[in-house]
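# An overview of the molecular structure
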Amino acid sequence: MKKTARIIALMLAAAMLLSLTGCGSFETRMAKAAKKMAALQSVHMDMDMHMAFSMSFLGESLDLDMNMDGSIDMQTQPLRAKIEMGMALLDANLDMLMYLEQNGGEYTAYISADKGASWESESMTAEEAAAQTGDLTENLKIFIDCAKSFQEAGKETVNGAEATRYDGELTGESLESALELSGAKEMLGEGLGAKLPADAFTGLESIPCSVWIDNKSGMVVRYDMDMAGVMQTLMKDMMEQVFAAQGLSGLDMKMDFREVTVSVVLSRFDAVGEIVIPDNAKGA
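Parameters at a glance
- Residues numbered from 1 in each chain as written.
- Predicted model: local features only at pLDDT ≥ 70, side-chain atom pairs only at ≥ 80, totals over all residues.
- Heavy atoms only, no water.
- Helix = DSSP H or I, 4+ residues; strand = E, 2+ residues; numbered from the N terminus.
- Buried < 20%, exposed > 50% of the residue type's maximum accessible area, 1.4 Å probe, protein only.
- Salt bridge = Lys/Arg side-chain N within 4 Å of Asp/Glu carboxyl O.
- Core = buried A, V, L, I, M, F, W, Y, C linked by side-chain atoms within 4.5 Å.
- Contact = heavy atoms within 4.5 Å.

Now for unusual backbone geometry. In this structure, the amide linkage connecting Gln77 to the following residue, Pro78, adopts the cis form with an omega of -10°. Position of Pro78 relative to the elements: it lies in the loop between strand E2 (60–75) and strand E3 (80–89). For Asn159, which is not a glycine, the phi torsion comes out positive at approximately 55°. Relative to the helices and strands, Asn159 is located in the loop between strand E7 (151–158) and strand E8 (161–170). With a relative accessible area of 47%, Asn159 lands in the partly exposed category.

Here it is as structure tokens:
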């Protein structure tokens, strides 16, 4: 269950990295959003992810669709979070409930796969905890570098209020830097049981994405991204590493990603309220 939780958290962390890519100009508005969001004491996030892909092995092919949705309530100082995730693939459904807690320099995760009926706990490093929830401050520093690629694309309504939409792209190199910083790159390798090669992100195509900035608050309130191209490249390389680690090099297994979309909506800035960890979770 730990690996499942970490892979789900990785997807969430990779998506969360874009929430700060937020342009009068996009760059100007982003700088202001960065300052405000770096000071947040709490925030709520809702995420939807859809993945459509096919797998072929030894002449047989299987088409698959995976849907994942989730939400996070997070307090920043000290870190405390409640994470609820649901994933559906074929006839299988996975529901995960997780709490994260910081006590001084120590971090603990409480995880349940049966809606809170039973729990297990594990200690985490600060980097692992950040990968579960997204490190807003550090992500701002990374993604502001991509601001020049974004152009205004109109006004839309998000969370019942008017927001300006900007379309642009995140480079593969920036994604690698962000995942390195958060610890998510290492977690991805651990989840697949293989160490990612040093050049795993070399030559990745850019990730098309859209960012919405609320016109009144100046906060980033939504972002969408299309990760099909990136997933196609990454999974090919990673599956080769996994097979090689198992002594199965040369197996003709292919994955074709037709669609990989992520949409995240941010709300309840500094209005999440107290996050209470259940007693039976803390007793795990």
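A few words on the pattern of salt bridges. Taken as a whole, this structure holds 8 salt bridges when the rule is applied. Salt-bridge contacts for Glu101 lead to Arg80; the nearest nitrogen and oxygen are separated by 2.6 Å. Residue Glu101 is located in strand E4 (residues 92–103), and its partner Arg80 is located in strand E3; the two are separated by 21 residues in the primary sequence. Residue classification places Glu101 among the buried residues on the basis of a relative accessible area of 3%. Residue class for Arg80 comes out partly exposed when judged on its relative accessible area of 21%. Notably, a salt bridge pairs Asp167 with Arg165, separated by 2.9 Å at the nearest N-O pair.

To continue, consider the nonpolar core. Core analysis: the biggest nonpolar cluster contains 60 residues, and Met51, Phe257 and Val260 have the highest contact counts within it. Among all residues touching Phe257, those that are not within four sequence positions of it are Met51, Ala52, Phe53, Ala228, Met231, Gln232 and Met235. Counting residues in hydrophobic clusters, the runner-up holds 8 residues, among them Leu97, Val272, Ile277 and Ala281.

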